[in-house]
Amino acid sequence: METLKIGSMRIDRLVEIASLPFERDWLFANVDDEVIAANSDWLDERYIEPGTGRMILSHHSYVVRTERWTALVDTCCGNHKPRPRVPVWNQLNQPYLEKLQALGVRPEDVDFVMCTHLHVDHVGWNTRLIDGRWVPTFPNARYLMGRTEYRHWEQAHAATPNNPVNHGSFADSVLPVVAAGQAEFVETDHLLFDDRNAMMHFEPAPGHTIGNMQIHLNGRHDHAVMSGDIIHHPIQCAAPWLSNAADFDREAARTTRIKLLERLADTPSILLAAHFPAPTAGRVVSKGSAFRFVFL
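Here is a short report on the structure shown in this document.

Moving on, we come to the pairing of strand β12 (residues 213–219). β12 sits mainly inside the fold: six of its seven residues count as buried. The pairing of strand β11 (residues 199–204) with β12 spans six bridges and is antiparallel. Opposite H201, over in β12, you have H216 as the bridge partner. The loop that links β12 with its antiparallel partner strand β13 (residues 222–228) comprises two residues; one of these, R220, has a positive phi angle of about 55°.

Here it is, written out as structure tokens:
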């Protein structure tokens, strides 16, 4: 994905893992051969692995900058974190911070970390391991988390302290930020900035998690949406009924996904999903009674 401009905002993709295949029925419980075959004309080997049908995802964040502030959206899996139940996330050692600095951003330059939700692969770089302790990676940042989302996982953690919540990420990637006083709990319609050239705000996106959110960017006549896990893979544009195995409420997630696709279809708005492999950014177009995704 090349750098995008939305109003006065510059958006760059910060990649942790560029291409990672997942078993299709692990990712989507109700996928079948027919759905894959029906979309093979526009989803090539970058998105569906030939021969196996495994779905390929990317793990990346978005860096959003103006002259006045720098924000980081969803922080992937993180390094050195024990995730034994999902080996591809376990004890990673990725040059994420080096890639951030290659974009001209140091950890101390980040003003805001915005979490669409608190699943393991969206909060990992919230913290890093220093001298045996998990500490906030971005020392000057306010970490914006949904209030409803946080309270849900806080209660789950308190109820089963010996059973790691979200693969242990709540304990090692969320609670240290709270303990450091850098967490800010917001409502699902929170407005962060509001001027003609750079408006950034959350909107509710129920279904994937109990307090799931999406992030909208508006500037002048431009619009983009960072959809988090409303949509995991481009095939869900053509088949929005495909349900992710991690969805908290599958019917609500499906409704949210369809509403977003209908809202964006055949408009100049850009969709920036959390897991679409490169080139990642694109637009939604109508295709009969469903949709297709056209990469930029």
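Let us keep going from here.
Turning next to helix α7 (residues 250–264). Two residues of an α-helix separated by three or four positions point the same way, owing to the 3.6 residues in each turn. Taking 1.5 Å of rise per residue, the 15 residues of α7 would be expected to cover 21 Å, and the 21 Å separating its terminal C-alpha atoms lies within 8% of that figure. The set of residues buried in α7 consists of A253, T256, R257, I258, L260, L261 and L264. As for α7, its buried residues are in contact with β12, β13, α6 (235–238), β14 (270–273), β15 (282–287) and β16 (290–295). Of the residues that open α7, the one with a side-chain oxygen 3.3 Å from the backbone nitrogen of E251 is D249. Just beyond α7, the residue with positive phi is D266, at close to 60°.

All chains considered together, the criterion is met by twelve aromatic pairs. Aromatic ring contacts, followed pair by pair, group Y47, F276, F293 and F295 into a single cluster. Positioned over the ring face of W134 is K81, at 4.7 Å from the centre of the ring.

Strand order in this open sheet of seven strands is β1-β2-β3-β4-β5-β8-β9, and the pairing throughout is mixed. Two strands close off the open sheet at either side, each with one partner strand: β1 (4–6) and β9 (183–186). Each neighbouring strand pair of the sheet contributes to a mean axis angle of 25°, computed without reference to strand direction. Examined bridge by bridge, β1 and strand β2 (residues 9–22) share three bridges and lie antiparallel to one another. Paired with I6 across the two strands is M9, which belongs to β2. Along the sheet, helix α4 (residues 147–159) makes contact with β8 (142–146) and β9, crossing β8 at roughly 80°.

What follows covers empty space enclosed by the protein. Under the counting rule described, the total for this entry stands at one cavity of 30 Å³ or more. Taken together, H60, S61, Y62, V73, D74, T116, M226, S227, G228, L272, A273 and A274 form the lining of the largest cavity. At the level of elements, β3 (55–65), β13 and β14 are the ones that each hand at least two residues to the lining of the largest cavity. Of the residues contributing to the lining of the largest cavity, the split by class is six nonpolar, five polar and one charged.

Below, the discussion takes up the environment of T255. Following the sequence through the fold, T255 ends up in helix α7. Assessed through its relative accessible area of 32%, T255 is described here as partly exposed.

On inspection of all chains with the given rule, the structure shows 16 salt bridges. Put simply, R151 and E154 hold a salt bridge, and the shortest N to O gap is 3.2 Å. Residue R151 and its partner E154 are located together in helix α4, separated by three residues, close to a single helical turn. By relative accessible area, E154 is classed as partly exposed at 31%. Between R263 and E203 there is a salt bridge whose closest N-O contact spans 2.8 Å. Here E203 lies in strand β11 and R263 lies in helix α7, a separation of 60 residues in the sequence. Taking relative accessible area as the criterion, R263 reaches 43% and is therefore assigned partly exposed. E203 sits in the buried class, given a relative accessible area of 18%.

Calculation rules
Residues numbered from 1 in each chain as written. Predicted model: local features only at pLDDT ≥ 70, side-chain atom pairs only at ≥ 80, totals over all residues. Heavy atoms only, no water. Buried < 20%, exposed > 50% of the residue type's maximum accessible area, 1.4 Å probe, protein only. Helix = DSSP H or I, 4+ residues; strand = E, 2+ residues; numbered from the N terminus. Pairing = 2+ DSSP bridges. Expected span 1.5 Å × (residues − 1). Contact = heavy atoms within 4.5 Å. Polar contact = N/O pair within 3.5 Å; in protein donor to acceptor, adjacent residues only side chain to side chain. Phe/Tyr/Trp six-rings, centres within 6.5 Å; stacked < 30°, edge-to-face > 60°. Lys NZ or Arg CZ within 6 Å of the ring centre and 35° of its normal. Axes fitted to C-alpha atoms, helices over the stretch in contact; angles between N-to-C directions. 1 Å grid on protein atoms, 1.4 Å probe; cavity = no way out; pocket = protein on both sides within 12 Å on 5 of 7 lines; lining within 4 Å. Points joined across faces, edges and corners; volume = space filled by probe spheres on them. Nonpolar A, V, L, I, M, F, W, Y, C, P; charged D, E, K, R; others polar. Salt bridge = Lys/Arg side-chain N within 4 Å of Asp/Glu carboxyl O.

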